[in-house]
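Residue-level listing of the chains:
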Amino acid sequence: MALDSYGEPAVRDQGPFQFLIKGVSGATPDGGVRVFGHHRAGVWKDQQPLELVYRDGVTHRLERVDMEPPLNEVCASRGQRVLVIYGLRVEQVHRNHWVRATLSDCSPACPDCDRPLKFGGFVLSQREEGGERSCRALWRCEQRHVWWNWADCPDQPLEMCPHPELFRC
Ligand SMILES: [Zn+2]
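Residues numbered from 1 in each chain as written. Predicted model: local features only at pLDDT ≥ 70, side-chain atom pairs only at ≥ 80, totals over all residues.

## Describing the overall build of the protein
(1) Moving on: A tally of helices and strands in the protein yields 1 helix and 11 strands.
(2) Moving on: Summarising the internal contacts of the protein: among those between residues at least 6 apart in sequence, 55% fall at separations of at least 24. (Helix = DSSP H or I, 4+ residues; strand = E, 2+ residues; numbered from the N terminus. Contact = placed C-beta atoms within 7 Å.)

What follows is the structure in structure tokens.
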């Protein structure tokens, strides 16, 4: 299985909306924070509940997010997009944070101890059959059991993560 950092220019339609912030351009005149980055997965739906996921897994519900139209078709197919995030100051938004559809309402329980699991980021992995690359979501409970599942198949059972060091904290 190959693990990788996020260098792959592709958008997947499946799964919840996921956007990786690669940089912050600054404040907009109407009080938003303009960020550029990669739309990694899911379909953008205007006004869907979104949250900012910090690297320690803490999430912050976002009041409103707008997506600017793609610059051109190449940017569109690569997922290179600009978001404007409202309700936060520029210094609260950083590179390598995720904006994603709110998952916290349906966070799974730890299969070992039944405690709530905290989301710990995504890792790019290779599916065993076919070599297709996709994202896995990492989860950890307060007893430090680490699990993962395919981000585009959230209904499948959690598997014990053989690389617990990937959980970013
Ligand atoms: Zn546990």
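## Here we look at the nonpolar core
(1) Moving on: Counting 31 residues, the largest nonpolar core has Phe19, Val99, Ala137, Leu138 and Trp139 as the members making the most contacts within it.
(2) Moving on: Where this core is concerned, the elements lending two or more residues are β1 (18-27), β2 (32-41), β3 (50-53), β6 (80-86), β7 (98-101), β8 (118-126), β9 (133-140) and β10 (146-150).
(3) Moving on: It is β9 that provides the largest number of residues to this core, a total of 4 residues.
(4) Moving on: Two domains each donate at least three residues to this core, and these are domain 1 (18-101) and domain 2 (105-166).
(5) Moving on: If near-sequence neighbours (up to four positions away) are discounted, Ala137 is found in contact with Phe119, Phe122, Trp148, Asn149 and Ala151. (Core = buried A, V, L, I, M, F, W, Y, C linked by C-beta atoms within 7 Å. Buried ≥ 20, exposed ≤ 12 C-beta atoms within 10 Å, placed from the backbone. Domains from an automatic or database assignment.)

## Section: the pairing of β2
(1) Moving on: Of all 10 residues making up β2, 7 are buried, and the element is well covered by its neighbours.
(2) Moving on: Relative to β2, β1 runs antiparallel, the two sharing 8 bridges. In the strand pairing of β2, Gly23 is matched with Phe36.
(3) Moving on: Hairpin connection of β1 to β2: 4 residues between the antiparallel strands, including Gly31 at a positive phi of 90°.
(4) Moving on: Inspection of the sheet shows β2 paired to β6 by 7 bridges, in the antiparallel sense. What sits directly across from Val35, in β6, is Leu83. (Pairing = 2+ DSSP bridges.)

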